[in-house]
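These are the residues of each chain, in order.
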Amino acid sequence: MALLEVSDFGKQFINHRLQVKRQAVKNIHFTLEEGQFLGIIGKSGSGKSTILKSIYRTYLPDQGTIYFDSNHLGKIDITKISEREMIYLRKFEISYVSQFLDVLPRITCRELVEKSLQEMGVEHAIARVEAESALNHFEIDEKLWDVYPNTFSGGEKLRLNIAMATVKQPRLLLLDEPTASLDQNSKIKVREVIEKLKHSGTTLIGIFHDIEFIEGLCDSIFNMNDHQPVTTVGNKYEG
Ligand SMILES: Nc1ncnc2c1ncn2[C@@H]1O[C@H](COP(=O)(O)OP(=O)(O)OP(=O)(O)O)[C@@H](O)[C@H]1O
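The rules behind each value
- Residues numbered from 1 in each chain as written.
- Predicted model: local features only at pLDDT ≥ 70, side-chain atom pairs only at ≥ 80, totals over all residues.
- Heavy atoms only, no water.
- Near = heavy atom within 4 Å.
- Polar contact = N/O pair within 3.5 Å; in protein donor to acceptor, adjacent residues only side chain to side chain.
- Helix = DSSP H or I, 4+ residues; strand = E, 2+ residues; numbered from the N terminus.
- Nonpolar A, V, L, I, M, F, W, Y, C, P; charged D, E, K, R; others polar.
- Core = buried A, V, L, I, M, F, W, Y, C linked by side-chain atoms within 4.5 Å.
- Buried < 20%, exposed > 50% of the residue type's maximum accessible area, 1.4 Å probe, protein only.
- Contact = heavy atoms within 4.5 Å.
- Phe/Tyr/Trp six-rings, centres within 6.5 Å; stacked < 30°, edge-to-face > 60°.
- Lys NZ or Arg CZ within 6 Å of the ring centre and 35° of its normal.
- Axes fitted to C-alpha atoms, helices over the stretch in contact; angles between N-to-C directions.
- Parallel < 35°, antiparallel > 145°, perpendicular 65-115°, else oblique.
- Salt bridge = Lys/Arg side-chain N within 4 Å of Asp/Glu carboxyl O.

(A) Examining the site of the ligand more closely. Taken together, 14 residues lie near the ligand, and Arg22, Ser44, Gly45, Lys48 and Thr50 sit nearest. Measuring from an oxygen atom of the ligand, one finds a side-chain N or O atom of Arg22 at 2.7 Å. Elements that contribute at least two residues to the shell around the ligand include exactly β2 (20-33) and α1 (48-55). Element by element, the count of residues in the shell around the ligand is highest for α1, at 3 residues. Partitioning the shell around the ligand into residue classes produces 3 nonpolar, 7 polar and 4 charged.

(B) View of the nonpolar core. Ranked by size, the top nonpolar core spans 39 residues in total, and within it Val113, Ile140, Leu160 and Ile194 carry the most contacts. Broken down by secondary-structure element, the contributors of at least two residues to this core are β3 (37-41), α3 (109-118), α4 (124-137), α5 (154-166), β7 (172-176), α6 (184-199) and α7 (211-214). Top element by residues in this core is α5. It accounts for 6 residues. Contacts of Ile140, omitting those with residues within four sequence positions, involve Cys109, Leu135, Trp145, Phe152, Glu156, Arg159 and Leu160. Residues Val6, Leu32, Leu38 and Ile51 belong to the second largest nonpolar core, which totals 29 residues.

(C) Up close: the packing of aromatic side chains. Within the structure shown, the criterion is met by 5 aromatic pairs. With a centroid separation of 5.5 Å and 55 degrees between ring planes, the pair formed by Phe30 and Phe222 is classed as tilted. Of this pair, Phe30 sits in strand β2 while Phe222 is found in strand β9 (residues 220-223), placing the two residues 192 residues apart along the sequence. You'll find Phe30 and Phe222 in the same group, each marked buried. Judged by centre distance (5.3 Å) and plane angle (20 degrees), the rings of Tyr56 and Tyr96 are stacked. With Tyr56 in the loop between α1 and β4 (63-70) and Tyr96 in strand β6 (residues 94-98), the pair connects residues that are 40 residues apart, well separated along the chain. Residues Tyr56 and Tyr96 agree in their burial class; the two are buried. In this structure, Lys75 packs its charged tip against the face of Tyr67, placed 5.5 Å from the ring centre.

(D) Broad picture of the environment of Lys11. Within the element layout of this structure, Lys11 appears in strand β1 (residues 2-15). Exposure remark for Lys11: the relative accessible area of 9% places this residue in the buried category. Taking C-alpha positions, Lys11 is 31 Å from Gly216, a pair spaced 205 residues apart along the chain. The contacts of Lys11, once residues within four sequence positions are left out, are Arg22, Gln23, Ala24, Val25, Thr50, Tyr59, Leu60, Pro61, Asp62 and Gln63.

(E) Summary view of the packing of α5 against α6. Close contact between α5 and α6 brings their axes to 11 Å; oriented N to C, the two are set at 10 degrees. As far as their axial angle goes, α6 and α5 are roughly parallel. Counting all contacts with α5, which are made through Arg159, Ile162 and Thr166, the residues of α6 involved are Ser186, Val190, Val193 and Leu197. Here the residues of the contact of α5 with α6 are counted per class, giving 4 nonpolar, 2 polar and 1 charged.

(F) Focus on the environment of Glu177. By secondary structure assignment, the location of Glu177 is in the loop between β7 and α6. Judged by relative accessible area, which is 16%, Glu177 ranks as buried. Note: C-alpha distance between Glu177 and Thr65 (112 residues apart in sequence) is 24 Å. Among residues more than four places away in sequence, those in contact with Glu177 are Gln99, Ile207 and His209. Of note is the side chain of Glu177, whose polar atom sits 3.4 Å from the side chain of His209.

(G) Examining the pattern of salt bridges more closely. Scanning the model with the defined rule gives 13 salt bridges in all. With a closest N to O distance of 3.6 Å, Arg90 and Glu83 form a salt bridge. The class for Glu83 is partly exposed, based on a relative accessible area of 44%. Glu114 serves as the salt-bridge partner of Arg128, at 3.1 Å between the closest nitrogen and oxygen. On the criterion of sequence distance, the pair formed by Arg128 in helix α4 and Glu114 in helix α3 is long-range, its members being 14 residues apart. Classification of Arg128 by relative accessible area gives partly exposed; the value is 33%. By relative accessible area, which is 3% here, Glu114 ends up buried. When salt bridges that share partners are traced, they join Glu34, Glu93 and Arg171 into one network.

Geometric descriptors of this kind do not, in isolation, establish any biological role.
This is how it looks when you write it as structure tokens:
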């Protein structure tokens, strides 16, 4: 059964000051089976982030349906569920990674990753071990583990963001240009973790500008220009 079914989805923004409406995206349809990786490509401003933010419900979708097959809540329409149900999904089943880190001040890097696990009910001692393993994997210098990340470099913030989201092993991982400001070595680390997550059955949707990066990783690519999910042939994008 599909994990995610997006049908006739659209999102309109209203600028109240200027009294104008802007249709960011419309008529979006795609289906994602469990364990698949869908890449989204398209020109700047075509609405790629709007789709991911609406699935995570940072934006309230206003047209169409987004069905998610939740382990705990059953098959539910993300456009209609309560805020409480959405908080549950964000905690246990859906994670979102953007290229920006938005964290509370006075929580250290290590505590942030531990907190991701503890809010799922993982014991502190286990959360600590897993957090350290994730921070090591993303090569965040041990000297930074007890530092507040508001002083981190862009790349360090991003690697921490990915560590926080992936340590939970979500069922659906939304990646909003996660490699945008990374150097080659960090991109390789991200790729390794994506491969590992895919192997363990995580379903992924990712926005990438670097098509070479997603080649060999994605099962299909949704091109915003023609609105068609295209299955990648031999893992190469032929669009
Ligand atoms: N919160 C918002 N309020 C008003 N307009 C918005 C908002 N978020 C996005 N938009 C508009 O919706 C359109 C789609 O934006 P979106 O960020 O989804 O595009 P994108 O394809 O991800 O772009 P990029 O590749 O440049 O990140 C843009 O015209 C943008 O200005």
